[in-house]
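Chain residues, written in single-letter form:
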Amino acid sequence: MSTGPGAPSAPAPDTHEPARETTPRKTSMFSSLRIRNYRLFFLGQVVSNIGTWMQRIAQDWLVLSLTGSSAAVGITTALQFLPMLLFGLYGGVLVDRLRKRPTLLVTQSAMALTAIALAVLTLTGQVQVWHVYVAACAVGLATVVDNPARQSFVSELVGPRRLQNAVSLNSANFQSARLVGPAVAGLLITGVGTGWAFLLNGLSFVAPLTGLLLMRSRELHAVERAPRGKGQLREGLRYVAGRPELIWPIVLIGFIGTFAFNFPVYLSAFADDVFHGDAGVYSMFNTLMAVGSLAGALLAARRGTARLRLLILAALAFGTLEILAAAAPELWMFALLMIPIGLFAMTVNVTTNTSIQTSTDPAVRGRVMALYMMVFLGGSPVGAPVVGWLTDTYGARIGFAAGGAVAITAAAVIGLILARVGNLRLTIGWHDGHPHIRFVPREQREEELARAV
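Quick caveat, the model's predicted, so the values are computed rather than measured.

1. As for the packing of aromatic side chains
Item 1. Counted under the stated rule, the structure contains 16 aromatic pairs.
Item 2. With 6.0 Å between their ring centres and 45 degrees between their planes, Y38 and F42 make a pair best called tilted. Note that Y38 and F42 are positioned in helix α1 (residues 36-67) at a spacing of four residues, about one turn of the helix. For the pair Y38 and F42, one class covers both residues: buried.
Item 3. One aromatic cluster is present, formed by Y266, F270, F275, F285, F334 and F400 through successive ring pairs.
Item 4. Between R56 and the ring centre of W53, over which it is positioned, the NZ or CZ distance is 4.8 Å.
Item 5. The aromatic ring of Y239 is capped on one face by R243, whose charged end is 3.8 Å from the ring centroid.

Structure representation (structure tokens):
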């Protein structure tokens, strides 16, 4: 199915390649870092992402300390992502109209000021839970524009040929910071208090702001901006609705993001209620998950294509591992399972992101990515209070297992829908002594059955 001028055909959930590819099947793991503008972007994000993870851990633990409630942690998460749910599509319309670099300078500055304000309140002993709620909502408002702008800006930095690699490196960047940020946050919280984590996060935004200012405009890949006009929001929605390779991955990530990716709720509850630990245990869970996520991102950087078949299989594995972790009787077993959970969670995330970007016309990419981010992140306002209530009422194990069950069910149903849309059939056999599962066109499957008879 055509995806518009300038975009490749969509990756299909079978063994056939798109009609025209923008990336090779295999690529150098760090090829995008050869581009100066991307290096500046990447290095700025290294510093800022460490601060972001420090704030996430400090924010969740501060709310839990002030209220003693997992539901309150869920409310904080919901407020941070509620603006994306309400205004995410409008943010995408703005991003398609605006220049990305000046837009990011504004949004990153706004998030820096919010972190510093929360740091002042905490360090002076004046912080209350509603202050954290307001700060979370303010960050969410900035994210409405910042997220689709950053996602679509990557293609301007590296061009279509290196897009898969750059998206994967961005994820590896974020997960590398996840290895450092939670560990530093745990030390700060137990040593000097949460306020210092907020302050350092605010100061960390100096790095990406400097990187943006130092970029060379002439080396950016030009993308035609959408003119101001009526009906652009509806145009973006119609564009996605008419393309199964876009709409169904977005639906899948919506279910997983809403019910299975609520790790602040799940992991804080396991650390506090199940294993009776402190902030150090909570940050350890996040750090081990980051190890797996980093491995998943680096593996994705080696792949040249993003296949929907891989997305479905990774989502099934992710949900299964969540259910296994929910039943883990010992802390060390639960902690070790965080590594493969992180790996498959990142595979789902990167594969969805890349397949959507490479299947989308650049003229509407901001709106499509806004819809993707709205569904992925905006589902948290719905899911976080629900899983928080479920966790408080029935326990962390039931809540975590329920999230895994939702992921498995959604992946199975959407995998069948994509196979039906693509006129595919599932075939199972043996190859080199191992089971081999793949989707093949209906005609090929009938020929294989006829030969078997």
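2. Section: the pattern of salt bridges
Item 1. Under the definition given, this model contains three salt bridges.
Item 2. For E156, the salt bridge identified is with K100, shortest N-O distance 3.5 Å. A residue pair is termed long-range when its members are at least 10 positions apart, and E156 in helix α4 (residues 129-158) and K100 in helix α3 (residues 100-123) qualify at 56 residues.
Item 3. Residue K100 is classed as buried on the basis of its relative accessible area of 7%.

3. Here's the deal with the environment of S32
Item 1. Within the secondary structure layout, S32 lies in the segment before α1.
Item 2. As a C-alpha pair, S32 and R162 span 130 residues in sequence and 6.2 Å in three-dimensional space.
Item 3. A distance of 3.4 Å separates the side chain of S32 from the backbone nitrogen of A166, its partner in a polar contact.

4. Looking at the confidence of the model for the protein
Item 1. When the pLDDT values of the protein are averaged, the result is 79; 82% of them are 70 or greater.
Item 2. Low confidence marks residues 1-24, where pLDDT is under 50. Its contacts with residues over four positions away, or in another chain, come to 71 contacts.
Item 3. Between residues 448-453, whose pLDDT stays under 50, and residues either more than four places distant or in other chains, the model counts two contacts.

The rules behind each value
- Residues numbered from 1 in each chain as written.
- Predicted model: local features only at pLDDT ≥ 70, side-chain atom pairs only at ≥ 80, totals over all residues.
- Heavy atoms only, no water.
- Phe/Tyr/Trp six-rings, centres within 6.5 Å; stacked < 30°, edge-to-face > 60°.
- Helix = DSSP H or I, 4+ residues; strand = E, 2+ residues; numbered from the N terminus.
- Buried < 20%, exposed > 50% of the residue type's maximum accessible area, 1.4 Å probe, protein only.
- Lys NZ or Arg CZ within 6 Å of the ring centre and 35° of its normal.
- Salt bridge = Lys/Arg side-chain N within 4 Å of Asp/Glu carboxyl O.
- Polar contact = N/O pair within 3.5 Å; in protein donor to acceptor, adjacent residues only side chain to side chain.
- pLDDT = per-residue confidence, 0-100.
- Contact = heavy atoms within 4.5 Å.

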